[in-house]
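Report on the structure
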Amino acid sequence: MVLALALAASTVHLYRTSTAWEARAGAYLQDARGLGEDLASTRAALAGTESELEAVRAQLATAQGRIVELADEKAQIGDDREVQRQLVDYQERVSDAAGQVALALDQCVQGQGELIGYLENTVTGVAQYDPLELERFRTDVDELCQTATEANIALQRELSR
Amino acid sequence: MSTASRDARRRRVRGPSGTTGAVGLLAASLLVGCAPVQGVLDEVPQMPGPRVTDLVPSEAPMTAPTGTGILSPDGFDAVQRMAVRIRNVGCGTLTTGSGFAIDATVLITNRHVVEQSDEVQVSTYDGRDIDVATASTAALADLAIVRTVEDLPSYPVLADADPVRGDAVTVVGYPQGGALTVTSGTVIGETTDPINENLGQVLVTDAPVEPGSSGSAALDEEGRVIGVVYAKNAAGQSFLVPVSTLRRLLDDTVAFTPTQACEP
C-alpha cells in the first residue's frame, strides 16, 4: 500500500515537474525567438549603419581631397600673385630707368644742339666765345652724352634679357 | 548553463509539489535504508526555479575602432595637419619649400628655403595663411626656424634617437610646390653630406622627394620626427638632417641667427 502511494506520488510529481519544465522551455523558446528577431533587426540596422559609415567615409575622403586641391589652387594663385607683383615692380623700375635714360638722352641732344649753335656762331662770326669755355662745354656735353649712352645700353641689355 | 549550476539550482529550489515527491521517496527510504536515498533524491527531477529574464548581457561586447591616427574635426590626421607650405618671396625670385611645426608657433624648415628672402609666407594643409614673425637659420646645418604669429594646427614630437637602416620613413610635404603629399620609404643608411651643407652624418632614404620637398618632416611609424628632408640625388635617394642634429641645434641658443633680407 505504501509503495503504491509512493509510486502514485512520484508519478504526480514527475508529471507536474515535466509540465512545468515544458512550460519553461516554451517560455525560453519564445524568448529565444524574440531575441533572434531583435538580433536580426539589430544586425540589419548595423549593416545599414556600416553602409552609411562607408558612404560617409567616402564623402570625407572626397572632401579631404577637395580641401587639399583647394589649398593647392590657393597656393598656386598666391605664387602667381607674387610673381605678378614682382613683375610689376620690375616693370616699374624699368619704366623709371627708361624715363631717366630718355631724359639723359634728351639733355644730351639739347647740349649737342647748343654746342652746334655755339660753333656755328663762331664760324659765321655772329658771336665769339672763349675757346676754353667752349671746350669745357663740349667736354661736359660729351660726358653727358656718354653717360646717357651707357645708361641706354644698360637699359637695352636689361630689356633683352 | 553548466551541469554544476543546474544541479545546484535543483538542490536549492523546492516547490510544494516537490514536497509530495519527497514524502513518497521518504517512505521508500524507510524500506531500503537511508544511505542510498540522498543519491536517489539528487537524481529526481525538480520543479524549475525562477525564470531567468536577464538573457541579454548587460554589457554588450565592444568592437575596437579600426581607424588609426589622431583625427581632427575635419578628418585630417596629425601627419597632414603639421605640414606647412613655405613661400619665399625674394628680390626678383620666388621659391617654395616645406616645413613642419614643432610647437604651437614654431616650425622647422631648411635654411635654403628661407634664406635670401624679402618675405616668408606660410600656409597650412587646408590653405590657411599663417603670419610669420621671424625666421632664423643655422650655420652648421641646413636648418631654419620660423616663428609664427598665429598658432599652427598641430605639431609632432621629436624622436629620441636617429633611425637605423631598414626603419620605415614617411615624408610629408609639398613637392614641386604642389599639393600636400605623403610618401613612404625606408632608411638606407648614413653618409657624409654630399653637398656639404651639414656637419656630421646625414641619413639616406629611398622615400621619393622632389624640389619643394625641402624642409619636409620625415616621420617614423609612430609619427615622430626622425629627420628633415634637405636634398635628393639623381638616383632618387633623399637625404635627411637627422633628428639628433636637429635636437642638438635646438638646444643651442645661439645656433640660429636671424635671416638676412635679400638685396634688390
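Every value quoted in this text rests on a predicted model; they were computed, and no experiment measured them.

What follows deals with the overall build of chain A. In terms of helices and strands, chain A carries 2 helices and 0 strands. What you see for chain A is a C-alpha radius of gyration of 54 Å, clearly larger than the 15 Å of a compact globule of 161 residues, by over 25%. When the backbone C-alpha atoms are referred to their principal axes, chain A occupies close to 180 × 20 × 20 Å. Sequence-distant contacts in chain A: of pairs separated by 6 or more residues, those separated by 24 or more amount to 77%.

Our next topic: the environment of A:Asp89. Take A:Asp89: it is sitting in helix H1 (residues 2-124). Measuring from C-alpha to C-alpha, the distance between A:Asp89 and A:Val123 comes to 50 Å, with 34 residues separating the pair along the chain.

Right, let's get into the nonpolar core. If you look at the biggest cluster of nonpolar residues, it comprises 53 residues, and the most contacted ones within it are B:Phe100, B:Ala217, B:Ala218 and B:Val228. Ranked by residues supplied to this core, first place goes to strand S12 (residues 225-232) of chain B with 6 residues.

Listed per partner, the contact involves 31 residues of chain B and 32 residues of chain A. Top contributing element to the side of chain B that touches chain A by residue count: helix H2 (residues 16-32) of chain B, with 8 residues. Of the residues in the side of chain B that touches chain A, the class split is 15 nonpolar, 12 polar and 4 charged.

Before going further, it helps to spend a moment on the confidence of the model for chain B. Residues and elements named next belong to chain B. Looking at chain B, pLDDT values average 85 and 83% of them are 70 or higher. For chain B, the element scoring lowest by mean pLDDT is helix H1 (residues 3-12), at 43; strand S3 (residues 106-109) scores highest, at 98. Scored below 50 in pLDDT, residues 1-24 shows 25 contacts in the model against residues more than four places distant or in partner chains. The complex model carries a pTM of 0.75, and its ipTM stands at 0.76.

With that settled, consider the sheet that holds strand S9 (residues 181-192) of chain B. Residues and elements named next belong to chain B. Within the closed barrel, the 6 strands sit side by side as S8-S9-S10-S13-S12-S11. Their pairing is antiparallel. When strand polarity is set aside, the average angle formed by the axes of neighbouring strands in this sheet is 45 degrees. Bridge count for S12 against strand S13 (residues 238-242) is 5 bridges, and the pairing is antiparallel. Directly across from valine 229, in S13, lies its bridge partner leucine 240. Its contacts with the sheet put helix H6 (residues 243-251) on S12 and S13, and the angle it makes with S13 is roughly 40 degrees.

A word on unusual backbone geometry. Residue and element names in this part refer to chain B. Although it is not a glycine, glutamine 176 sits at a positive phi angle of roughly 60 degrees. The topology assignment puts glutamine 176 in the loop between strand S8 (168-173) and S9. A tally of 11 C-beta atoms within 10 Å means that glutamine 176 is categorised as exposed. For asparagine 196, which is not a glycine, the phi torsion comes out positive at approximately 55 degrees. Structurally, asparagine 196 is set in the loop between S9 and strand S10 (201-205). Judged by local crowding, asparagine 196 falls into the exposed class, with 8 C-beta atoms found within 10 Å.

In an α-helix there are 3.6 residues to a turn, and that puts residues three or four apart on one side. Residues and elements named next belong to chain B. Along H6, the residues that are buried comprise Val243, Thr245 and Leu246. An end-on view of H6 places all buried positions within 155 degrees of arc, on one side of the element. Residues of H6 that are buried in the fold lie against S3, S12 and S13.

This part is about the sheet that holds strand S14 (residues 256-258) of chain B. In any sheet, the strands associate via hydrogen bonds between backbone groups, in a parallel or an antiparallel arrangement. Taking strand neighbours across the sheet as the criterion, the 8 strands line up as S5-S4-S1-S2-S3-S7-S6-S14 (chain B) in an open arrangement whose pairing is antiparallel. Pairing within the sheet leaves two strands with one partner each, and these edge strands are strand S5 (129-130) and S14 of chain B.

Basis of the calculations
- Residues numbered from 1 in each chain as written.
- Chains lettered and ligands numbered in written order.
- Predicted model: local features only at pLDDT ≥ 70, side-chain atom pairs only at ≥ 80, totals over all residues.
- Helix = DSSP H or I, 4+ residues; strand = E, 2+ residues; numbered from the N terminus.
- Rg over C-alpha atoms; globule rule 2.2 N^0.38 Å.
- Contact = placed C-beta atoms within 7 Å.
- Core = buried A, V, L, I, M, F, W, Y, C linked by C-beta atoms within 7 Å.
- Buried ≥ 20, exposed ≤ 12 C-beta atoms within 10 Å, placed from the backbone.
- Nonpolar A, V, L, I, M, F, W, Y, C, P; charged D, E, K, R; others polar.
- pLDDT = per-residue confidence, 0-100.
- Pairing = 2+ DSSP bridges.
- Axes fitted to C-alpha atoms, helices over the stretch in contact; angles between N-to-C directions.
- Arc of directions from axis to C-beta.

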